[in-house]
Amino acid sequence: MTNVWLEKRIVKGRSDLKEKNLQLGNSLWSPQNDKRGANIYSSMLEVKVNDIVLHLTDNKHISGISKIAGLVDTNFKCPPESEWGDVDGYYVKLKDFIDLTAQNKAIPKEKILSLKNKKELLEILNQREEAIFYNKALNLNQGSYLTKVPVKLTNLINNAYKDQYKENIPYLGDIVHKDEDSSTIKRKTDLNNNILFKKKQLILYGPPGTGKTYNTKRKATEIIFSGKRQVNNLKQEDIDQQYNELKEDGRIEFITFHPSYSYEEFVEGITIDIDPSGKSTEQLNYKLKHGIFKQIAMKALGHSLGVENFNISLGELIAKYRTEMREITSDLNSNLEKQEEIKKWWKDKPRYVLIIDEINRGDISKIFGELVTLLEADKRLGMENELVAKLPYSQEDFAIPPNLYIIGTMNTADKSIALIDVALRRRFGFIEMSPDLEKVITNHIDHNSELISEDVIEGLKNSITALEIINNRISSDPSVGRDKQIGHSFLFKVFNQADLILVWKNEILPLLEEYYYGQYSRINELLFKKMDDSYWLSQKEGIKDFQDYEDLTMFLDEVINNG
């Protein structure tokens, strides 16, 4: 995730800004501690390559904007003529500086810290634990050299610029509307669940490592308990516990599709009837076997009817359902009234979920067969366009109850969504799962602080920066594309230095090797912007082992410095 920072710098009358590399837009620099020894400049350690910096000069206006070009240099010495003297400092190189003053497009601070914006500014201030560049009186904070700008405040600053110049601030176009507060996340969750309620089946799709399979647990639990129990704000451990309980009760089933998976395994088929003890028999017998889809459909219908004995057939269950529907609608005259009464009967019935992992790896037309049509919400049992099919082996009637939901996952590195069978695409809702590397900090580093070794934290943060650079280049490469980015969950496995080495050596780099078909010159170009063999990758030796953690650190620095 790209962060926005605000540098508050006095430029006028400064004798310590003679060197070009110290001037506005070329670098950020500061002492490591103030004159009292307080570490008020620690935010310099948090910046990442390609983060955006707004420059507020002489306490008057935002006069420029630039990007972070490299990691912080902690060996920097402040110039002797500075107010701090020749002390240890921090230095961060900048790039792509745009001088707004030269374009007559500087933003006066009064346009931002105005009474018109007071309510929003105070809300932002109250929600922040970190330092920010203004105070409750809407005056500039003294001593706040470099502060992170939250998304809401970025939007506000951009709006002040847009009101005056009718365009977004340069570099901020992709950021200004990404205000992911808790209410937005809840709206997204509700929207996703509405898709599932409406379509009855949903596919989570995205590149490897974006948490698709992981999120099916939450999605399945949400759909089963929707309206009965609040699960939006539950921690993942609580979701896992509820998911396991529901799975034990048979309310959730999980399968993985693969190229040889068939209709006979999914719906029903004929199989050899072997002796339970495993002994050989003289006579070969065959029996009808229910597939997982037929089994869970029978459970969903049987549970709704209060049937506990599942020795009866699906056809008998449907016949029992027909009898019950006739009884509850016997006093009603019109078909419309009967339809509404049946829908009302289904409304509070217990829900069941079938999770299909890697759904695109199977031959979907072959696996679902004639039942693809029955998946549609309006063709489910009891709905207005109800359809009942006759199964080829058992000759039983088959219908899908409306309290059965399907959640699939799809790895777009294997197959683009555009290549999915049209019949399937029409009947499923689709939700994209994109890499969100910020989650490595919020959901892993912060959440598991007691379990993660302190000496790997910096390596994890550098890995985030490196992956952001790699993903940007992959997305821009038409021969690879955004479907093959690298997801955040790879880094969730890292708790020490050895884990981080393992993830890069055995998971991330082999994935790039697969994407580029072993063309190491192209992988080197992706990572280091040069096609020659590198210390870590060569056409002759392939991916070399990292000798130690320091070797990995050098690799990450090289990727970042060429970002």
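Placed above this text is the structure.
Here is what the cut-offs are and how they apply
- Position labels on residues start from 1 in each chain and follow its written sequence.
- Two thresholds apply to this predicted model, a pLDDT of at least 70 for residue-level local features and 80 or more for giving and counting side-chain atom pairs, whereas whole-chain, interface and lining totals are computed over all residues.
- Think of the side-chain values as coming from all heavy atoms in the structure, minus any hydrogens and water.
- For the purposes of this entry, the term helix denotes a DSSP run of H or I that reaches at least four residues, the term strand denotes a run of E that reaches at least two, and both are numbered from the N terminus.
- Buried means the residue's accessible area, taken with a 1.4 Å probe over protein chains only, is under 20% of the maximum for its type, while exposed means over 50%, and partly exposed covers the values in between.
- Throughout, a contact is declared for two residues whenever any of their heavy atoms are within 4.5 Å.
- Calculation of accessible area relied on Shrake-Rupley with a 1.4 Å probe; when residues are assessed, cover is drawn exclusively from the protein chains displayed.
- Only four residue types enter the tally: Lys and Arg on the positive side, Asp and Glu on the negative side, with His and both chain ends excluded.
- Charged side chains are reduced to one point each, which is NZ for Lys, CZ for Arg, CG for Asp and CD for Glu.
- Buried Ala, Val, Leu, Ile, Met, Phe, Trp, Tyr and Cys residues that are joined via side-chain atoms within 4.5 Å together make up what is termed a nonpolar core.
- Between N-to-C directions, angles span 0 to 180 degrees; the directions come from axes that are lines fitted to C-alpha atoms, helices contributing only their stretch in contact.
- Put simply, angles under 35 degrees are roughly parallel, angles over 145 are roughly antiparallel, angles from 65 to 115 are roughly perpendicular, and the rest are oblique.
- Note that Gly is not counted as nonpolar here; it falls among the polar residues with everything else outside the nonpolar set of Ala, Val, Leu, Ile, Met, Phe, Trp, Tyr, Cys and Pro and the charged set of Asp, Glu, Lys and Arg.
- The term salt bridge refers to a pairing of a side-chain nitrogen on Lys or Arg with a carboxyl oxygen on Asp or Glu at a separation within 4 Å.
- One bridge is not enough; two strands pair if DSSP finds at least two bridges between them.
- Only centres within 6.5 Å qualify two rings of Phe, Tyr or Trp (six-membered ring in Trp) as a pair; their planes then separate them into stacked at under 30 degrees, edge-to-face at over 60, and tilted for everything else.

Q: Outline the overall build of the chain, supporting the account with residue identities and numerical values.
A: The helix and strand inventory of the chain stands at 17 helices and 19 strands. Across the 563 residues of the chain, 48% fall into the buried class. In the chain, once contacts between residues fewer than 6 apart in sequence are set aside, the share between residues at least 24 apart is 65%. As presented, the chain carries roughly 28,100 Å² of accessible surface, and 46% of it is formed by carbon and sulfur atoms. For the chain, the distance from the average position of its 77 positive side-chain charges to the average position of its 86 negative side-chain charges is 6 Å.

Q: Which residues make up the nonpolar core, and what values go with them?
A: Counting residues in hydrophobic clusters, the biggest one holds 48 residues, and the most contacted among them are Phe266 and Phe293. Those elements giving two or more residues to this core turn out to be β9 (201-206), α7 (263-266), α8 (292-305), α9 (314-328), α10 (335-347), β13 (352-357), α11 (364-368) and β16 (404-411). For this core, the element with the highest residue contribution is α8, accounting for 8 residues. Membership of the second largest hydrophobic core comes to 44 residues, among which are Ile464, Tyr515, Tyr516 and Ile543.

Q: Outline unusual backbone geometry, listing residues and values.
A: Even without being a glycine, aspartate 96 presents a positive backbone phi close to 55°. One non-glycine residue, lysine 529, lies in the positive phi region at around 65°. You can see lysine 529 is positioned in the loop between α16 (520-528) and β18 (537-538).

Q: Pulling in residues and values, what's your account of the packing of helix α14 (residues 457-476) against α16?
A: Their axes nearest at 9 Å, the elements α14 and α16 cross at an angle of 125°. Comparing the axis directions of α14 and α16 gives the class oblique. Contact residues: Ile470, Arg473 and Ile474 in α14; Glu525, Leu526, Leu527 and Phe528 in α16. Among the residues making up the contact of α14 with α16, the classes are represented as 5 nonpolar, no polar and 2 charged.

Q: Tell me about the pattern of salt bridges, and please be specific about residues and values.
A: Overall, the coordinates contain 24 salt bridges when judged by the stated rule. Here aspartate 51 ties to lysine 48 by a salt bridge, and the two come within 3.9 Å at their closest N and O atoms. Among the salt bridges present, the one from arginine 427 reaches glutamate 376, with a minimum N-O distance of 2.9 Å. In this pair, arginine 427 is assigned in helix α12 (residues 422-427) and glutamate 376 in the loop between α11 and β14 (389-390), connecting sequence segments 51 residues apart.

Q: Explain the sheet that holds β13 to me, using residue names and the numbers behind them.
A: Pairing is parallel across the open sheet formed by 5 strands, whose spatial order is β10-β13-β16-β9-β17. Sheet topology places β10 (252-256) and β17 (429-432) at the edges, where each strand pairs with a single neighbour. Adjacent strand axes in the sheet meet at a mean angle of 20°, parallel and antiparallel pairs treated alike. Contacting β9, β10, β13 and β16, helix α5 (residues 212-225) crosses the sheet at an angle of about 165° to β16. Against the sheet, α8 engages β10, β13 and β16, with an angle of about 165° to β13.

Q: An account of the packing of aromatic side chains is requested, with residue identities and associated values reported.
A: Counting across every chain of the model gives 25 aromatic pairs. Judged by centre distance (6.1 Å) and plane angle (85°), the rings of tryptophan 29 and tryptophan 84 are edge-to-face. Pair noted here: tryptophan 29 is in strand β2 (residues 27-31) and tryptophan 84 is in the loop between β5 (73-77) and β6 (88-99), with a separation of 55 residues, a long-range link. A relative accessible area of 3% means that tryptophan 29 is categorised as buried. Taking relative accessible area as the criterion, tryptophan 84 reaches 22% and is therefore assigned partly exposed.

By themselves, these observations are geometric and do not establish any function.
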